[in-house]
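Fold and contact review
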Amino acid sequence: AAKRAGKDQYQFFNKSLHREFQERLSITQDLRSAIANGEFHLVYQPIYRLRDHRLVKAEALIRWQHPTRGAIAPAVFIPLAEACGLIIDIGKWVFDTVLQDLATIDLLHLQGTQISINISPVQFAHPQPLRAFIQRLQYSNIPCERFCFEITEGLLLEPSKITQDTLNALKQAGIKLSIDDFGTGYSALGYLKKYHIDYVKIDQSFIKHIERDNYAFVLCRSIIQMAHELDIKLIAEGVENASQENILKVIQCDYIQGFLHGKPAPFSTLLTQAYQQTKSVQVPHLFNSDTK
Ligand code: C2E
Ligand code: MG
Ligand code: MG
Ligand code: MG
């Protein structure tokens, strides 16, 4: 009987593995037509400076509305796109869309707001679109400093010559760099200075436990201290409640991002948020019609 059960279990396991494989294959196939079919869109999540609660940055996050499966999370399809190389075209689509968003709508309201874009390590292995993006910025009137590329620690561990050259080209152009999901990987600090990293984003798994778990608290506090000594600013990801925010303030985190102050939303929402902030502080003559 035990043998029998074992076999059933094996077959069950085998079947579900098979199903999962089929599913990934089918999603990967659908990814190929997703750009042409207009199934992607971008949302933007605001990032606030803790000191004065000003909206100073926003992160662009991709969304995929599949025609039959509904919304598929980037955590599911980005790894598949990386594995089959489609991430290169998706990355180009993200660049195009961010630039369209910034260009078609009144830039004034977003003045000074920095836009963060997630870049996969695979994109660094085929850097032509990254370089084309820099060139387009140089022909536009949007300064490169208004962009930040979010990269992962793994990219900087043993970077190839191509990756190093691309990183240097980005820095030279003035594009900012931040390390995403910091604390989950190697967390070696040596490379932060070597590659002139501007921001470190503390992973949301630490923020989630910062109130109750002393280890998470101490880790966040030391990351912040060390990074500050290297002149690097800190962004806390996944801030969901006021008590997390207060702790982060006490340990001198610089910026916060999370559901507490803003979920990822369409570009028009970001514009409204930025506009209201502009209106509330200065330049009344620019907004005569509605400041009264
Ligand atoms: P990430 O870059 O670390 O992005 C932060 C993720 O946390 C986002 O998930 C965001 O919606 C979520 N988040 C923000 N605030 C909170 C919060 O308070 N609580 C919780 N529980 N979650 C929060 P999302 O949009 O599902 O993206 C997942 C990952 O997919 C991103 O992680 C990023 O690695 C990748 N990704 C998203 N868009 C792109 C893209 O355009 N290109 C590439 N290469 N990767 C992308
Ligand atoms: Mg990110
Ligand atoms: Mg992150
Ligand atoms: Mg992440």
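Residues numbered from 1 in each chain as written. Chains lettered and ligands numbered in written order. Predicted model: local features only at pLDDT ≥ 70, side-chain atom pairs only at ≥ 80, totals over all residues. Heavy atoms only, no water.

By the naming in an unreviewed UniProt entry, the protein is EAL domain-containing protein, taken from Methylophilus medardicus.

**Topic: the layout of surface pockets**
Any space left empty among the atoms is revealed by the rolling of a water-sized probe across them. Selection criterion: Buried and open spaces are told apart on a 1 Å grid over the protein atoms alone, a cavity being a set of points where a 1.4 Å probe fits but cannot get out and a pocket being an open set with protein on both sides within 12 Å along at least five of seven lines. Residues with an atom within 4 Å of a point are the lining residues. Grid points are joined across faces, edges and corners, and a volume is the space filled by probe spheres set on the points. The helix and strand labels rest on DSSP assignments: H or I over at least four residues marks a helix, E over at least two residues marks a strand, and numbering proceeds from the N terminus. The classification used treats Ala, Val, Leu, Ile, Met, Phe, Trp, Tyr, Cys and Pro as nonpolar, Asp, Glu, Lys and Arg as charged, and all other residues, Gly among them, as polar.
Looking at the largest pocket, its volume works out to about 920 Å³. In this structure, the largest pocket is lined by 37 residues; those nearest its centre are Glu59, Leu61, Pro74, Asn118 and Asp180. Elements supplying a minimum of two residues to the lining of the largest pocket: strand E1 (40-49), strand E2 (54-66), helix H2 (74-84), helix H3 (87-104), strand E4 (114-118), helix H4 (121-125), strand E5 (147-152) and strand E6 (176-182). A breakdown of the residues in the lining of the largest pocket according to their chemical character gives 18 nonpolar, 10 polar and nine charged.

**Focus on the coordination of the magnesium ion (ligand 2)**
The condition is simple: As a rule, N, O and S atoms within 2.8 Å of a metal are its donors, except that Na, K and Ca use 3.2 Å; water is not among the atoms, so sites may look incomplete. The buried label goes to any residue with under 20% of its type's maximum accessible area, the exposed label to any with over 50%, and the partly exposed label to all in between, with areas taken from a 1.4 Å probe on protein chains only.
Taken together, Glu59 (OE), Asn118 (OD1), Glu150 (OE) and Asp180 (OD) make up the protein donors of the magnesium ion (ligand 2), found 2.0 to 2.2 Å from the metal. Read from N- to C-terminus, the donor residues coordinating the magnesium ion (ligand 2) fall into the pattern E-x58-N-x31-E-x29-D. The metal-metal distance between the magnesium ion (ligand 2) and the magnesium ion (ligand 3) is 4.1 Å, with aspartate 180 coordinating both. Taken together, the positions of asparagine 118 in strand E4 and aspartate 180 in strand E6 put the pair 62 residues apart, joining distant regions of the chain. Classification of aspartate 180 by relative accessible area gives buried; the value is 8%.

**A few points about the pattern of salt bridges**
Test applied: By convention in these notes, a salt bridge is any Lys or Arg side-chain nitrogen within 4 Å of a carboxyl oxygen on Asp or Glu.
Tallied over the entire structure, the rule returns 10 salt bridges. Here lysine 201 makes a salt bridge to glutamate 150, at a shortest N to O gap of 2.7 Å. Taken as a pair, lysine 201 in strand E7 (residues 199-202) and glutamate 150 in strand E5 lie far apart in primary sequence, 51 residues in all. For the pair lysine 201 and glutamate 150, one class covers both residues: buried. Where glutamate 237 meets lysine 201, a salt bridge forms, and the shortest distance between an N and an O atom there is 3.7 Å. Of the two residues, glutamate 237 sits in the loop between strand E8 (233-236) and helix H11 (242-250) while lysine 201 sits in strand E7, which places them 36 residues apart along the sequence. Considered together, glutamate 237 and lysine 201 belong to a single accessibility category, that of buried residues. Each of Glu59, Glu150, Lys201 and Glu237 takes part in salt bridges that share partners, so that together they form one network.

**What to know about the site of ligand 1**
Heads up, the condition is: By convention in these notes, a residue is near a molecule or strand provided one of its non-hydrogen atoms lies within 4 Å of it. In protein, a polar contact means a hydrogen-donor-capable atom and an acceptor-capable atom, both N or O and within 3.5 Å, with residues adjacent in sequence counting only if both atoms are side-chain atoms; elsewhere, any N or O pair within 3.5 Å suffices. Computed with the Shrake-Rupley method and a 1.4 Å probe, the accessible areas treat only the protein chains shown as cover for residues. To be counted as sitting in a cavity or pocket, a molecule needs more than half of its atoms within 2 Å of that site's grid points.
In the vicinity of ligand 1, 22 residues are found, and the nearest of them are Arg63, Asn118, Asp180, Glu240 and Phe259. Between an oxygen atom of ligand 1 and a side-chain N or O atom of glutamine 204, the distance comes to 3.0 Å. Contact with the protein chains hides 80% of the accessible area of ligand 1, taken as 800 Å² for the molecule alone. Applying the majority rule of atoms within 2 Å of the grid points places ligand 1 in the largest pocket. Within the residue set of the shell around ligand 1, elements represented by two or more residues are E2, H2, H3 and E6. Here the shell around ligand 1 gets four residues from one element, more than from any other, and that element is E2.

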